[in-house]
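Residue-level structure breakdown
Okay, here's what each chain looks like letter by letter:
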Number of protein chains: 2
Amino acid sequence: MTQLQHNTPEELERFFQKGDLIPAIVQEASTGQVLMLAYMNRESLQKTLETGYTWFYSRSRQELWNKGATSGHVQKIHRIFSDCDDDTLLLLVDQTGAACHTGSHSCFFNEIWRDTDE
Amino acid sequence: MTQLQHNTPEELERFFQKGDLIPAIVQEASTGQVLMLAYMNRESLQKTLETGYTWFYSRSRQELWNKGATSGHVQKIHRIFSDCDDDTLLLLVDQTGAACHTGSHSCFFNEIWRDTDE
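Moving on, we come to the relation of the copies chain B and chain A. Superposing chain B onto chain A requires a rotation of 180 degrees together with a translation of 0.0 Å along the rotation axis, leaving an RMSD of 0.0 Å. In short, the pair behaves as if placed about a two-fold rotation axis. Among all residues of chain B, the one whose C-alpha sits closest to the rotation axis is Gly-32 of chain B, at a distance of 2.7 Å. A high fraction, 100%, of the interface residues of chain B reappear at the interface in chain A, so the copies pair face to face through one surface.

For the coordinates displayed, the defined rule picks out 20 salt bridges over all chains. Ionic pairing is found between Arg-14 of chain A and Asp-86 of chain A, a salt bridge with its closest N-O pair at 3.8 Å. Highlighted residues: Arg-14 of chain A in the loop between α1 (9-12) and β2 (22-28) and Asp-86 of chain A in the loop between β6 (75-82) and β7 (89-95), separated in sequence by 72 residues. Residue class for Arg-14 of chain A comes out partly exposed when judged on its relative accessible area of 27%. Shared partners join several salt bridges into a network, and the residues in it are Lys-18, Asp-85 and Asp-87 of chain A together with Arg-59 of chain B.

So, about the interface of chain B and chain A. Counting residues at the interface gives 48 residues for chain B and 48 residues for chain A. Counting the surface lost from both chain B and chain A, the interface buries some 4400 Å², and carbon and sulfur atoms represent 55% of this. Ranking the residues of chain B by area buried against chain A places Phe-108, Ile-112 and Trp-113 of chain B at the top, with a combined share of 21%. Between chain B and chain A we count six salt bridges in total. Summed over the shared surface of chain B and chain A, the number is 24 residue pairs in polar contact (both at pLDDT 80 or more). Contributing elements (two or more residues each) for the side of chain B that touches chain A: β1 (2-4), β2 (22-28), β3 (34-40), β6 (75-82), β7 (89-95) and β8 (110-115) of chain B. Top element by residues in the side of chain B that touches chain A is β6 of chain B. It accounts for seven residues. Residue composition of the side of chain B that touches chain A, grouped by class: 21 nonpolar, 14 polar and 13 charged.

So, how was this worked out
Residues numbered from 1 in each chain as written. Chains lettered and ligands numbered in written order. Predicted model: local features only at pLDDT ≥ 70, side-chain atom pairs only at ≥ 80, totals over all residues. Heavy atoms only, no water. Least-squares fit on C-alpha atoms with pLDDT ≥ 70 in both. Contact = heavy atoms within 4.5 Å. Salt bridge = Lys/Arg side-chain N within 4 Å of Asp/Glu carboxyl O. Helix = DSSP H or I, 4+ residues; strand = E, 2+ residues; numbered from the N terminus. Buried < 20%, exposed > 50% of the residue type's maximum accessible area, 1.4 Å probe, protein only. Buried area = accessible area lost by both parts, 1.4 Å probe. Polar contact = N/O pair within 3.5 Å; in protein donor to acceptor, adjacent residues only side chain to side chain. Nonpolar A, V, L, I, M, F, W, Y, C, P; charged D, E, K, R; others polar.

Shown next, in the form of structure tokens:
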């Protein structure tokens, strides 16, 4: 069972003041690991809130995308936060399998810089 | 002291194939808390890599922005990761003071949805 809070279609418009897509950060609830970032349009956000599983909008394919629909690697949502100016979302999820299409658990596996003091 | 890895200006072009700005997720290294998301252009990414502190590009003010330059709430970077398709960055930082201009430690303080099973 899931619960909506002030999230009618009209109220959700606050997330689309700067554009038709809002970036959504997906973080694993149990470990805190950041898994991926993807984009939501109005319809995918609505489906996410209705189902409790992540739906995104693919900019390259220009279509809705139910994460895990083909791979089985679904993301069950615990909590969703918006940021201070309502232009980014943060989703805490249970990740089944790998979040990344490469098979990596997280999409952020390329380290490009490190503080050498560390 | 900081260390660059294959990050000449030419090599950094891989992060700007989809646009002139790349979203950068800022996560607190010690706690795993996601603090904010902001955008980098080529120049702010270069300054970030050179200094080991975060520089962003403000879309509203259309200028470079050294996080904490006025508030003192700087972000010292431990590690930077890119994602599988080089269109998002993840920065693990030590946050001095609050990341959010509201005074909140994280910008993600508005909970908009929760799984009622939880």
